[in-house]
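Per-entry structural report
So the chains spell out like this:
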Amino acid sequence: MEEKKELKVDDIKKEAEANACPVQKSLLYIQGFLEGPMCGRCFPCAMGSYEARVRLSAISAGHGSAADIAALKRIAGEMLEASMCKKGKDTARFLAEWMASPEFGAHIAGGVCQSGQCISYIEYRISPDKCTVCGSCKDVCRHGAILGEKKKPWLSGYLPFEIRQKKCTRCGECIKVCPEGAIFITNSAAGQPEGKAA
Ligand code: SF4
Ligand code: SF4
Ligand code: SF4
């Protein structure tokens, strides 16, 4: 029979904190906590962590609401008060700490993931002024999301490449190969370039 590994919240927290976005930190932490496996002996921790995962997933996917934030605060409060062990109480503290960041609330209030880690909140775009129509991005895109024709030296006119947002999976491969730094990440809600390279 497979031996259950012991849940170490500090290890899960360390992995979660490698991410910049507080929503991603919270989601990755709670996923790790539930996979721990979490023992499930007390109700506020057992049910609260499952509900927290659902609500954090919704925020990460771009369809969260103020009700999700309120529910997460309630969950953290109940876990802190009623959890029977340090792991449950620490989990409540970590969630409360990450939720207190203005970046967390900005996902709901402004539709913005400031670190660009929640892919539902971002778009990859090509700057027409910088694109030299080399075609490297189109070659690397496995999703057929890039429109454009490579420059032919004998022709004078050409159009810069474009990204079809409906096909783009935000995998980030194109930004790695563009020799001109012409691809940038923009906030999909506000449409403002963040200037962030992958
Ligand atoms: S608070 Fe501790 S004992 Fe209670 S369910 Fe959570 S991990 Fe188990
Ligand atoms: S981010 Fe990925 S899917 Fe989107 S255009 Fe670039 S390579 Fe294609
Ligand atoms: S890799 Fe960069 S310069 Fe080349 S076509 Fe794509 S966006 Fe333009």
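From a predicted model like this one, the values you see are computed outputs, not experimental measurements.

The rules we used
- Residues numbered from 1 in each chain as written.
- Chains lettered and ligands numbered in written order.
- Predicted model: local features only at pLDDT ≥ 70, side-chain atom pairs only at ≥ 80, totals over all residues.
- Heavy atoms only, no water.
- Salt bridge = Lys/Arg side-chain N within 4 Å of Asp/Glu carboxyl O.
- Helix = DSSP H or I, 4+ residues; strand = E, 2+ residues; numbered from the N terminus.
- Buried < 20%, exposed > 50% of the residue type's maximum accessible area, 1.4 Å probe, protein only.
- Near = heavy atom within 4 Å.
- Nonpolar A, V, L, I, M, F, W, Y, C, P; charged D, E, K, R; others polar.
- Contact = heavy atoms within 4.5 Å.
- Phe/Tyr/Trp six-rings, centres within 6.5 Å; stacked < 30°, edge-to-face > 60°.
- pLDDT = per-residue confidence, 0-100.

Remarks on the pattern of salt bridges
- Applying the stated criterion across every chain yields a total of eleven salt bridges.
- With a shortest N-O distance of 3.6 Å, E78 and R74 are connected by a salt bridge. Residue E78 and its partner R74 are located together in helix 4 (residues 66-82), separated by four residues, close to a single helical turn.
- For R74, a relative accessible area of 37% puts it in the partly exposed group.
- Here the salt bridges share partners, and the residues they tie into one network are E51, R55, D68, R74 and E78.

Regarding the site of ligand 1
- Taken together, M38, C39, G40, R41, C42, C45, S83, M84, C85 and G88 make up the full set of residues near ligand 1.
- Across the shell around ligand 1, the residue classes break down as six nonpolar, three polar and one charged.

A word on the site of ligand 3
- Taken together, 13 residues surround ligand 3, and among them C131, C134, G135, C137 and C178 come closest.
- The class makeup of the residues in the shell around ligand 3 is nine nonpolar, three polar and one charged.

Observations regarding the environment of I30
- Structurally, the position occupied by I30 is in helix 2 (residues 22-35).
- Judged by relative accessible area, which is 0%, I30 ranks as buried.
- Distance in space between the C-alpha atoms of I30 and A16 is 9.1 Å, their sequence separation being 14 residues.
- Not counting chain neighbours up to four residues away, the residues in contact with I30 comprise S49, A52, R53, L56, T91 and L95.

Some points on the packing of aromatic side chains
- For the structure shown, the criterion picks out four aromatic pairs.
- Ring centres of Y29 and F33 lie 6.1 Å apart, and the angle between their planes is 15°; this geometry places the pair in the stacked category. On the criterion of helical spacing, the pair formed by Y29 and F33 is a turn pair, its members being four residues apart in helix 2. Each member of the pair, Y29 as well as F33, is classed as buried.
- Here Y29 and F94 contribute two aromatic rings whose centre-to-centre distance is 5.3 Å and whose plane-to-plane angle is 85°, an arrangement assigned as edge-to-face.

Considerations on the environment of H107
- Residue position: H107 is located in helix 6 (residues 102-109).
- Judged by relative accessible area, H107 falls into the buried class, the value being 3%.
- Along the backbone, H107 and V23 are 84 residues apart, and their C-alpha atoms lie at a distance of 8.4 Å.
- Those residues in contact with H107 that lie beyond four places of it in its chain are C21, V23, I59, V112, C113, C118 and Y121.

Comments concerning the confidence of the model for the chain
- In the predicted model, the chain carries a mean pLDDT of 88, and 90% of its residues have values of at least 70.
- Between residues 190-198, whose pLDDT stays under 50, and residues either more than four places distant or in other chains, the model counts 17 contacts.

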